[in-house]
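Single-letter residue listing:
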Amino acid sequence: MGMNMSEKILARHAGLDHVEPGQLVTCRLDMVLANDVTGPPSIKEFEKTGRPVFDRTKIALIPDHFQPAKDIKSSELAKIMRDFARKHDILHYYEQGRVGIEHVILPEKGIVGPGMLTIGADSHTCTYGAVNGFSTGVGTTDLAVGMATGEAWFKVPEAINVHLTGKKPADISGKDVILTLIGMIGVDGALYQSLEFTGEGVADLTMTDRLTIANMAIEAGAKNGIFPYDDVCKEYVEGRMTGVFEPVNPDPDAQYARTVEINLSELRPVVSFPHLPENTKRVMDIPEPIAIDQVVIGSCTNGRLEDMEIAAQILKGHEVHPHVRCIIIPGSPWVYQEAMRRGYLDIFMDAGAAVSTPTCGPCLGGYMGILAAGERCVSTTNRNFRGRMGHVDSEVYLAGPHVAAASAILGRIAAPEEVA
């Protein structure tokens, strides 16, 4: 019996020829990740082991959630990370001015890649499935053990085959694809399963699309999301990764729990209503105008250069609605600089948007865009739970950069085709 992509990576890292769903395996790790929220408690547990880190080159400590430090507490959290990184000479620690959002900079810098097994004390660690790796979020104790031993245990997940066909229209991005999928199967539709993306439609997805889709696998309850190694992936990782990597693709007789079909050609811009990502509606089907107070374009979901380009194309020559605050957050210093070189930042600021330093910022209710009671925000972030971005009586509508930029101009949830 053949294996799918996730099974192949877990088998290889467990030193086994074959694994099956439900099997418990102990695997060696290629990368261990923590941020300024999850890193400090992991470090506290790590210190109890009395051991050195297993490999200084295979740990990434990224201060991105409340950084640049928004208050004394966040500064103290960053200091714990900084001191630990210096003590153990951690290779992948990035200080302010060089750091970006963790799930943007790790693929960008070639720290994660095909065939790799990565754990992170952040639920959106599943992002790296876009570059053909098995990556998943873990708790702080598991992360501490991973830093000490270089190993972690897994239950091999069943897999759902998300079979993609067709070609995506010009106003569709990966965000529309994943929100449509979550709307189809629900936030627990892939609970502790792998979302494996296959089919001819995969070739029509850019790497930005794939990173966005894999990032939100967790919003469907999935253990991980993963894409095949193809020409798009190859082009992205070559020149970024310096070491040897071993890509995986599914066997022809790989086993899946079920198959979900999505024809990209049929997709239309969507938005997820409060307070769950599964509350997906096509923008064209919203019966009454929904006025908004804020738009956020950025995050580990949509803070990449392609997202900035889409927003700039729509905002160019327009102004942000006078009743709307539009906050744009490039995901890394490279994205910020390249957007500046291409004139995107001028477009944003000429339109009346605020441009932030790379940070998670308002996504998790951190800072730089917290909502008051009764306010509504269209956001390219990945969660719209009650109180996620501020007051429990505020509302977050999830969308891609096309819808977010159009909504900022019109002052209501809007499709890009509505912008003259």
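Residues numbered from 1 in each chain as written. Predicted model: local features only at pLDDT ≥ 70, side-chain atom pairs only at ≥ 80, totals over all residues. Heavy atoms only, no water.

## Details of the packing of aromatic side chains
Operational definition: Aromatic pairing here means that ring centres of Phe, Tyr or Trp (its six-membered ring) are within 6.5 Å. Orientation follows from the plane angle: under 30 degrees is stacked, over 60 is edge-to-face, and everything else is tilted. We count a stretch as a helix when DSSP gives it H or I for four or more residues in a row; a strand needs E for two or more, and each element gets its number in order from the N terminus. Summary of the burial criterion: residues with accessible area below 20% of their type's maximum are buried, those above 50% are exposed, and those between are partly exposed, where the area comes from a 1.4 Å probe applied to protein chains only.
Using the criterion set out here, one finds 5 aromatic pairs in the structure. For the ring pair Phe46 and Phe84, a centre distance of 5.4 Å and an interplane angle of 90° mean the geometry is edge-to-face. In this pair, Phe46 sits in helix 2 (residues 39–47) while Phe84 sits in helix 3 (residues 72–87), placing the two residues 38 residues apart along the sequence. For Phe46, a relative accessible area of 0% translates into the label buried. Centroid distance Phe273 to Tyr397: 5.1 Å. Interplanar angle 75°. Geometry classified as edge-to-face.

## Quick word on the UniProt feature "binding site: [4Fe-4S] cluster" (unreviewed entry) in the protein
To keep things clear, this is the line we draw: UniProt positions are given in the numbering used here, feature names are shortened, and annotations may be inferred rather than shown by experiment. We call two residues in contact whenever any of their non-hydrogen atoms come within 4.5 Å of each other.
UniProt records the feature "binding site: [4Fe-4S] cluster" (unreviewed entry) for Cys300, Cys360 and Cys363 in the present numbering. A maximum C-alpha distance of 9.2 Å among these annotated residues, which run over 64 residues, shows that they cluster at one spot. Mapped onto the elements, Cys300 comes out in helix 9 (residues 299–302). Overall, the relative accessible area of 9% leaves Cys300 in the buried class. Each residue touching Cys300, except ones within four places of it in the same chain, is listed here: Ile101, His103, Val104, His124, Asn215 and Asn382.

## Comments concerning the sheet that holds strand 8 (residues 158–165)
Quick reminder of the rule: In this analysis, strands are considered paired if DSSP registers two or more bridges between them. The axes are straight lines fitted to the C-alpha atoms, using for helices just the contacting stretch, and the angles between their N-to-C directions are given from 0 to 180°.
Strand order in this open sheet of 4 strands is 10-9-8-11, and the pairing throughout is parallel. Edge positions in the open sheet fall to strand 10 (224–226) and strand 11 (258–263), since each of these has one partner strand only. With direction set aside, neighbouring strand axes in the sheet form an average angle of 20°. Note that strand 9 (residues 193–198) and strand 10 share 3 bridges and pair parallel.

## Some remarks on the packing of helix 10 (residues 305–315) against helix 13 (residues 401–410)
What counts here: Crossing handedness follows the turn of the near helix against the far one: under a right angle anticlockwise gives a left-handed crossing, and clockwise gives a right-handed one. Residue classes follow a fixed rule: Ala, Val, Leu, Ile, Met, Phe, Trp, Tyr, Cys and Pro count as nonpolar, while Asp, Glu, Lys and Arg count as charged, and any other residue, Gly among them, counts as polar.
Where helix 10 meets helix 13, the closest approach of the two axes is 9 Å, and the angle between their N-to-C directions is 35°. As helix 10 runs across helix 13, the sense of the crossing is right-handed. For the pair helix 10 and helix 13, contact is made by Asp307, Ile310, Ala311, Ile314 and Leu315 and by Pro401, His402, Ala405, Ala406 and Ile409, respectively. Tallied by class, the residues present in the contact of helix 10 with helix 13 amount to 8 nonpolar, 1 polar and 1 charged.

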